[in-house]
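Notes for the structure review
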Amino acid sequence: QVKLVESGGGLVQAGGSLRLSCAASGIVASRMSMNWYRQASGKEREWVATVRSDGTTNWSDSVKGRFTISRNHARNTIYLHMSNLEPDDTARYYCNTPFRGNDYWGQGTQVTVSS
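Residues numbered from 1 in each chain as written. Predicted model: local features only at pLDDT ≥ 70, side-chain atom pairs only at ≥ 80, totals over all residues. Heavy atoms only, no water.

1. A closer look at the packing of aromatic side chains
The tally for this structure, following the rule as stated, stands at 2 aromatic pairs. Plain terms: the ring middles of Tyr-94 and Trp-105 are 6.4 Å apart, the flat faces sit at 80° to each other, and that makes the pair edge-to-face. Pair noted here: Tyr-94 is in strand 9 (residues 91-99) and Trp-105 is in strand 10 (residues 102-105), with a separation of 11 residues, a long-range link. The rings of Tyr-37, Tyr-94 and Trp-105 are connected pair by pair, giving a single aromatic cluster. The ring centre of Tyr-94 lies 3.9 Å from the NZ or CZ of Arg-45, which sits over that ring. Between Arg-45 and the ring centre of Trp-105, over which it is positioned, the NZ or CZ distance is 4.5 Å. (Phe/Tyr/Trp six-rings, centres within 6.5 Å; stacked < 30°, edge-to-face > 60°. Helix = DSSP H or I, 4+ residues; strand = E, 2+ residues; numbered from the N terminus. Lys NZ or Arg CZ within 6 Å of the ring centre and 35° of its normal.)

2. Topic: the nonpolar core
Membership of the largest hydrophobic core comes to 29 residues, with the highest contact counts inside it found for Ile-27, Met-34, Trp-36, Phe-67, Leu-80, Met-82 and Tyr-93. Breaking this core down by element, the ones donating at least two residues are strand 3 (18-25), strand 4 (34-39), strand 5 (46-51), strand 7 (67-72), strand 8 (77-82), strand 9 and strand 11 (109-114). Setting aside residues up to four positions removed in sequence, Met-82 forms contacts with Gly-16, Ser-17, Leu-18, Leu-20, Arg-66, Phe-67, Tyr-93 and Val-111. (Core = buried A, V, L, I, M, F, W, Y, C linked by side-chain atoms within 4.5 Å. Buried < 20%, exposed > 50% of the residue type's maximum accessible area, 1.4 Å probe, protein only. Contact = heavy atoms within 4.5 Å.)

Structure (structure tokens):
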């Protein structure tokens, strides 16, 4: 059974940094394309970033240059490193992966950036 668990969210001031974690089970995260999405209150969920099995990444324009991704193979975890955070980054962040025809999501972790 595939399970994704996000953590690391919190309240941070504008300009600050956070590291979100997505711990995977039931899959080998480093062999998958893993995605980060976010959903602000009252808005639709939006794609943030993708890391592929070969380590290449794609980023939404809104976070490019401020966010990075790393992976810990031993912990089967991917990380979203967020820096220079802005109030518009306030949202619930979700980890996602498509696997064998299904889309798997974690429960999300809330990030709130104060101005």
